[in-house]
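Fold and contact review
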Amino acid sequence: MVEIGPNDRVFILTGAGISAESGLPTFRGEGGIWRQRRAEEIATPAAWQKNPQFVWEFYSMRRRKAAEVKPNPGHFALAALERAMGDRLFLCTQNVDNLHEQAGSRNAVHMHGELFKSRCESCARLPFDDSNLYEPPRPLPRCPCGALIRPHICWFGEVPFQMDRIFRALSECMLFIAAGTSGVVEPAASFAAHARHRGARTFYVGPETPANSSVFGEMFLGKSGEALPNLFKFL
Ligand code: OAD
């Protein structure tokens with residue numbers, strides 16, 4: 001049980017595992033996305049420069065799958081926590097799906113971008129909603145400025161989004177909870193250590209021990225859809 005005091009600020013970091021029970025594959029587990037394809041060939045600026053069509057086919061396939069699934073009890077538990085805590089809860093997700101929003105979360109920060117948004121690779125036009133599939137024979141999308149439209153995703157070698165807000169929230173939290181993330185991809189893998197060094201209590205929720213397990217004070221080894229709905233107790 002994670003006990004939350006009336007003035008506690010809580011930072012939650014979610015990863016692919018929280019969407020696994022909804023039917024979306026993780027990256028590194030059995031059947032994981034990076035077990036079947038090399039990340040360097042798809043999720044890097046170099047891959048995009050070399051073959052934007054191939055990159056769009058990959059993200060179109062992921063858009064198709066993500067559009068078919070529904071949130072699970074883990075997403076709903078975090079949405080309920082947000083309703084109970086208001087701005088004392090900071091929900092940061094590495095996931096690009098919109099299952100937190102579908103479950104009712106209003107303020108999830110998508111540090112690795114959003115699958116159902118696109119942006120111009122060149123001009124200052126803001127990211128925009130886009131659920132289109134860019135697969136042949138459909139041509140690659142172009143901005144009115146003439147440049148290609150790319151997925152609004154943080155690729156390897158790029159800086160994740162909203163890092164200022166994230167570090168501010170990390171510096172204020174008294175509780176840090178990671179759920180469904182393997183603890184290998186930086187900078188997210190270091191958030192728990194950052195919070196713990198400041199004195200925050202740290203928890204992990206997921207079926208396997210993550211790579212950064214030494215920084216967690218307590219681990220709840222189980223599926224997030226089963227553990228999260230009964231995890232929180234308000235003092
Ligand atoms: P990983 O695939 O690395 O890890 C998924 C984690 O979810 C593992 O630790 C599993 O044990 C756990 N898991 C599996 N089923 C679960 C369940 N039912 N409940 C809870 N946990 C479960 O995914 P991430 O850590 O999210 O980045 O990967 C981090 C980043 O690497 C991703 O955001 C993505 C990827 O490359 C980009 O694409 C930029």
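The present account deals with the structure reproduced in this document. (Residues numbered from 1 in each chain as written. Predicted model: local features only at pLDDT ≥ 70, side-chain atom pairs only at ≥ 80, totals over all residues. Heavy atoms only, no water.)

Some words on the nonpolar core
Counting 24 residues, the largest nonpolar core has W34, F58, Y59, L115 and W155 as its most contacted members. Those elements that place two or more of their residues in this core are α1 (33–36), α2 (45–50), α3 (52–68), β5 (113–120) and β7 (149–153). A total of six residues in this core trace back to one element, the largest contributor, which is α3. When residues no more than four places from it in sequence are discounted, the contact partners of W155 are I42, A43, T44, P45, W48, V55, Y59 and R150. (Core = buried A, V, L, I, M, F, W, Y, C linked by side-chain atoms within 4.5 Å. Buried < 20%, exposed > 50% of the residue type's maximum accessible area, 1.4 Å probe, protein only. Helix = DSSP H or I, 4+ residues; strand = E, 2+ residues; numbered from the N terminus. Contact = heavy atoms within 4.5 Å.)

Quick notes on the environment of P6
Counting through the fold element by element, P6 comes out in the loop between β1 (2–4) and β2 (10–14). When the C-alpha positions of P6 and N72 are compared, they lie 27 Å apart, and in sequence the two are 66 residues distant. Beyond its immediate chain neighbours, meaning those up to four positions away, P6 contacts R88 and L235.

Examining the sheet that holds strand β3 (residues 89–93)
Adjacent strands of a sheet form backbone hydrogen bonds with each other and so pair up, either parallel or antiparallel. The six strands are arranged β4-β3-β2-β8-β9-β10 in an open sheet whose pairing can be described as parallel. Only two strands of the sheet have a single partner each, and these edge strands are β4 (109–110) and β10 (218–221). Judged from the four bridges that link them, strand β9 (residues 201–206) and β10 form a sheet pairing that is parallel. Bridged to Y204 within β10 is M219. Sitting on the sheet, helix α4 (residues 73–85) touches β2 and β3, and the angle it makes with β3 is about 150°. Contacts from helix α6 (residues 163–172) reach β2, β3, β4 and β8 (175–179), with the element oriented near 135° to β3. (Pairing = 2+ DSSP bridges. Axes fitted to C-alpha atoms, helices over the stretch in contact; angles between N-to-C directions.)

Observations concerning the pattern of salt bridges
Tallying each qualifying case throughout the model produces eight salt bridges. D8 is the salt-bridge partner of R201, the closest N and O atoms lying 3.6 Å from each other. Here the residue R201 occupies a position in strand β9, and D8 occupies one in the loop between β1 and β2, the gap between them amounting to 193 residues. Residue class for R201 comes out partly exposed when judged on its relative accessible area of 37%. For D8, a relative accessible area of 15% translates into the label buried. R38 serves as the salt-bridge partner of E40, at 3.0 Å between the closest nitrogen and oxygen. Members of the salt-bridge network, linked through shared partners, are R38, E40 and E41. (Salt bridge = Lys/Arg side-chain N within 4 Å of Asp/Glu carboxyl O.)

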